[in-house]
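A closer look at the structure
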Amino acid sequence: ARGTSADADGVEAAIEIEASTWDVCVFIGAPCIGRAGSVFLSLLFLINIAAQSIFLYGIMSPELGMTSPKYSTHAVEKMREWRETLGHDYKYYSHVTGKTIVARVCEI
């Protein structure tokens, strides 16, 4: 849907309503959609807020660990050292598969 809006100077600007829960909320209470439509849109809006809140909680909650590092800096350095030394060492190269131990570990 497309509409127009005038600013304080009377200059009109086109406004485009997207097909999203956020934009459709401007129609809540409008006579053209009726009471049932307004209730339905309000319900959709509340479900949208609840779903996004749950999503944000999942990302930000320290219990789930998505915002805290899984490995310490020391552990990461040791893994990098292993990869650069033993991981690509010819002693651990498999002639059967044609892969280094790093490639075989990554396949697991």
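Scroll up for the structure.
If you're wondering where the values come from, they're calculated on a predicted model, not measured in any experiment.

All told, the structure shown has 3 salt bridges when counted by the stated rule. A salt bridge links E77 to R80, with the nearest nitrogen and oxygen atoms 3.4 Å apart. Of this pair, E77 and R80 both sit in helix α3 (residues 73-84), 3 residues apart, which is roughly one turn of the helix. Salt-bridge contacts for K99 lead to E107; the nearest nitrogen and oxygen are separated by 2.1 Å. Overall, the relative accessible area of 51% leaves E107 in the exposed class.

Two residues of an α-helix separated by three or four positions point the same way, owing to the 3.6 residues in each turn. Its 27 residues place the ends of helix α2 (residues 34-60) 39 Å apart at the C-alpha level, agreeing with the 39 Å of an ideal helix rising 1.5 Å per residue. Those residues of α2 not exposed but buried are S38, L41, N48 and G58. Buried residues belonging to α2 abut α1 (21-24).

All right, on to the packing of aromatic side chains then. Under the criterion given, the structure shown has 2 aromatic pairs. Arranged with centres 5.4 Å apart and planes meeting at 90°, the rings of W22 and F45 form a pair that is edge-to-face. Taken together, the residues W22 in helix α1 and F45 in helix α2 connect sequence positions 23 residues apart. Judged by relative accessible area, which is 44%, W22 ranks as partly exposed. Accessibility expressed as a relative area gives 24% for F45, which makes it partly exposed.

Calculation notes
- Residues numbered from 1 in each chain as written.
- Predicted model: local features only at pLDDT ≥ 70, side-chain atom pairs only at ≥ 80, totals over all residues.
- Heavy atoms only, no water.
- Salt bridge = Lys/Arg side-chain N within 4 Å of Asp/Glu carboxyl O.
- Helix = DSSP H or I, 4+ residues; strand = E, 2+ residues; numbered from the N terminus.
- Buried < 20%, exposed > 50% of the residue type's maximum accessible area, 1.4 Å probe, protein only.
- Expected span 1.5 Å × (residues − 1).
- Contact = heavy atoms within 4.5 Å.
- Phe/Tyr/Trp six-rings, centres within 6.5 Å; stacked < 30°, edge-to-face > 60°.

Read these as geometric descriptors, not functional statements.
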